[in-house]
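Inside the fold
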Amino acid sequence: MTTPGAHNPTSPTTPAPLPLVLLITFLGSSGTAIVTNGISFIAEQGLGYGARMNLVLALVMGVVYTPAAFLSGAALRRLIKRSDRVTSRGFLIGLVTIEILVCQLPILAQRLAPDLIEPALWVMALTFMIATGLQWPIVESYFSGGRREHALRKAIGHFNICWASAMVLSYWFMAPLLEHHPFVIVSVLGWVHVAVALITLKLPAEPAKHLDTGAHPHPPIYETLLREFRVLIVASYVVIATMSPMLPSIQGRLGIPTMWLTPIASTWLIVRVLMFGVFQRYHFWHGKRSTPWIGLVSMIIGFTLTMLSPIASSIPLLVIGLIFTGIGIAIIYLGSLYYALSVGSSDVDSGGMHEGLIGLGYTLGPLCGLVAGFSTRWEEGRQESVTVVLTVILVVLMLGIGLRLVRSPR
């Protein structure tokens, strides 16, 4: 992400109130959870989608998210340059307003034009993803702007636990409505964003200036670990984006009641929150060469067990797989964030590439699942096996190519 406040001479020097930003983050993350990860459950219950159509939907969502996140800062800077009336706060409120409106489309279609429910859900999902891609870099600039070193690390720690906890609660909120009122979930999500817009009004017009903290003293191993974690975080999003659209079908084959689909699926989200808390409090993993590889192995083991659980007809295997997946993804995310803050200055503009690569993961993951499905003609059992193989191969290739690139002199 490219942070607007870093380039605006009118940016204040006092950081935005952290409680306000965290409240916006918590409420806004409920939408991110439901649309990016939970939309597959809604599409399955409301439209009868199986794994194939959910993967197609996830693929297109990843395709539109990538350029939106990549160009967020550039788009806002261009608007500010054209008009003095445009501010980061105003732009953010405009995006949230769009989210409020599009979230009502599926429920309106269900009541007024049932034949349009499917396109309404697609328009909602794609528009929401574009708005989210533009929105989060701005929110992040508000909590990071004007903070440095310990204050910045502390703010980001609270930020992580805040958005991760909101995703868990969103999954549990979906549970009682999913079977009979799936589109009501999206409508309620829109009304929640009314509160986001009202709270955003209390933010400063611009995020505080980003402070150049200069180079921090750190062991040489930190630079190596940073490069490795930056590659691993892309791989982790490939795994997430492969697994999430397939979970409804996997759980359906295991005979899990609709009421328990999202609570069981939230297992890896709950584990991620717990790991965030443990790793923020205890620092035994700092500088350890083994940490990224523990995260990678845990993630791949968990993903493999999750995908193969319907072949074994084992719900416990699914839960164990989700636990290991959550552990691995949490380690990778926290490691990437910690070493980015520990090595050198706060390079905010490099976030644009970071968000773009996450979008790439959102795209490659569903693509893996689709290739696996078509190669097996969507036969039960074989599809999950091929998906595991393809995704693991893709992750390993990304690691090899990525590490090669980040170690090159350029």
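Please refer to the structure placed before this passage.
Quick look at the structure, then. (Residues numbered from 1 in each chain as written. Predicted model: local features only at pLDDT ≥ 70, side-chain atom pairs only at ≥ 80, totals over all residues. Heavy atoms only, no water.)

What about the overall build of the chain?
In plain terms, the rule: The numbering of helices and of strands both runs from the N terminus, where a helix is a DSSP run of H or I of at least 4 residues and a strand a run of E of at least 2. The buried label applies to any residue whose accessible area, calculated with a 1.4 Å probe on protein chains only, is under 20% of its type's maximum; exposed applies above 50%, and partly exposed to all values in between. The Shrake-Rupley method, run with a 1.4 Å probe, gives the accessible areas here. Residue values count only the displayed protein chains as cover.
Looking only at helices and strands, the chain has 15 helices and 0 strands in total. Out of the 410 residues belonging to the chain, those deemed buried represent 58%. Accessible area of the chain: about 17,000 Å², with a carbon and sulfur share of 67%.

What to know about the packing of helix 9 (residues 221-253) against helix 12 (residues 291-312)
Our working definition: Here the axes come from fitting lines to C-alpha atoms, over the contacting stretch only for helices, and the angles between their N-to-C directions go from 0 to 180 degrees. Here the word oblique covers every angle except those under 35 degrees (roughly parallel), over 145 (roughly antiparallel) and from 65 to 115 (roughly perpendicular). Handedness of a crossing is defined here by the sense of rotation of the near helix relative to the far one, left-handed for an anticlockwise turn of less than a right angle and right-handed for a clockwise turn. Only Asp, Glu, Lys and Arg are considered charged, only Ala, Val, Leu, Ile, Met, Phe, Trp, Tyr, Cys and Pro nonpolar, and every remaining residue, Gly among them, polar.
One way to put it is that helix 9 packs onto helix 12 with a least axis distance of 10 Å and a crossing angle of 15 degrees. Judged by the inter-axis angle, helix 9 sits roughly parallel to helix 12. Here helix 9 and helix 12 pass one another in a crossing that is left-handed. Classifying every residue of the contact of helix 9 with helix 12 by side-chain character gives 16 nonpolar, 5 polar and 2 charged.

Here we look at the pattern of salt bridges
How we decide: We count a salt bridge whenever a side-chain nitrogen from Lys or Arg sits within 4 Å of a carboxyl oxygen from Asp or Glu.
Tallied over the entire structure, the rule returns 1 salt bridge. Here Glu 228 and Arg 289 are joined by a salt bridge, their closest N and O atoms 2.7 Å apart. Here Glu 228 is found in helix 9, whereas its partner Arg 289 is found in the loop between helix 11 (267-281) and helix 12, with 61 residues between them in sequence.

Quick look at the packing of aromatic side chains
In plain terms, the rule: Pairs were defined over the aromatic rings of Phe, Tyr and Trp, the Trp ring being its six-membered one, requiring ring centres within 6.5 Å. Orientation was assigned from the angle between planes: stacked under 30 degrees, edge-to-face over 60, tilted for the rest.
Tallied over the full model, the rule gives 16 aromatic pairs. Centre to centre, the rings of Tyr 237 and Tyr 362 are 5.5 Å apart; their planes meet at 80 degrees, and the pair counts as edge-to-face. Placement of Tyr 237 in helix 9 and of Tyr 362 in helix 14 (residues 351-375) is noted, with a sequence separation of 125 residues between them. Neither residue differs from the other here; Tyr 237 and Tyr 362 are each classed as buried. Relative to Tyr 333, the ring of Phe 276 lies with its centre 5.7 Å away and its plane at 40 degrees, an arrangement referred to as tilted. Remark: Tyr 333 occurs in helix 13 (residues 315-342) and Phe 276 occurs in helix 11; sequence separation between them is 57 residues. Across the pair, exposure class does not vary: Phe 276 and Tyr 333 are buried alike. Pairwise contacts between aromatic rings join Tyr 222, Phe 229, Phe 279, Phe 284, Trp 285, Tyr 338 and Tyr 339 into one cluster.

Focus on helix 1 (residues 18-37)
Just so we agree on the cut-off: Here the expected span of a helix is defined as 1.5 Å times the quantity of residues minus one.
For helix 1, spanning 20 residues, the distance from its first C-alpha to its last is 27 Å, which sits close to the expected 28 Å at 1.5 Å a residue. For helix 1, the tally of buried residues reaches 17 of 20 residues, placing the bulk of the element in the interior.

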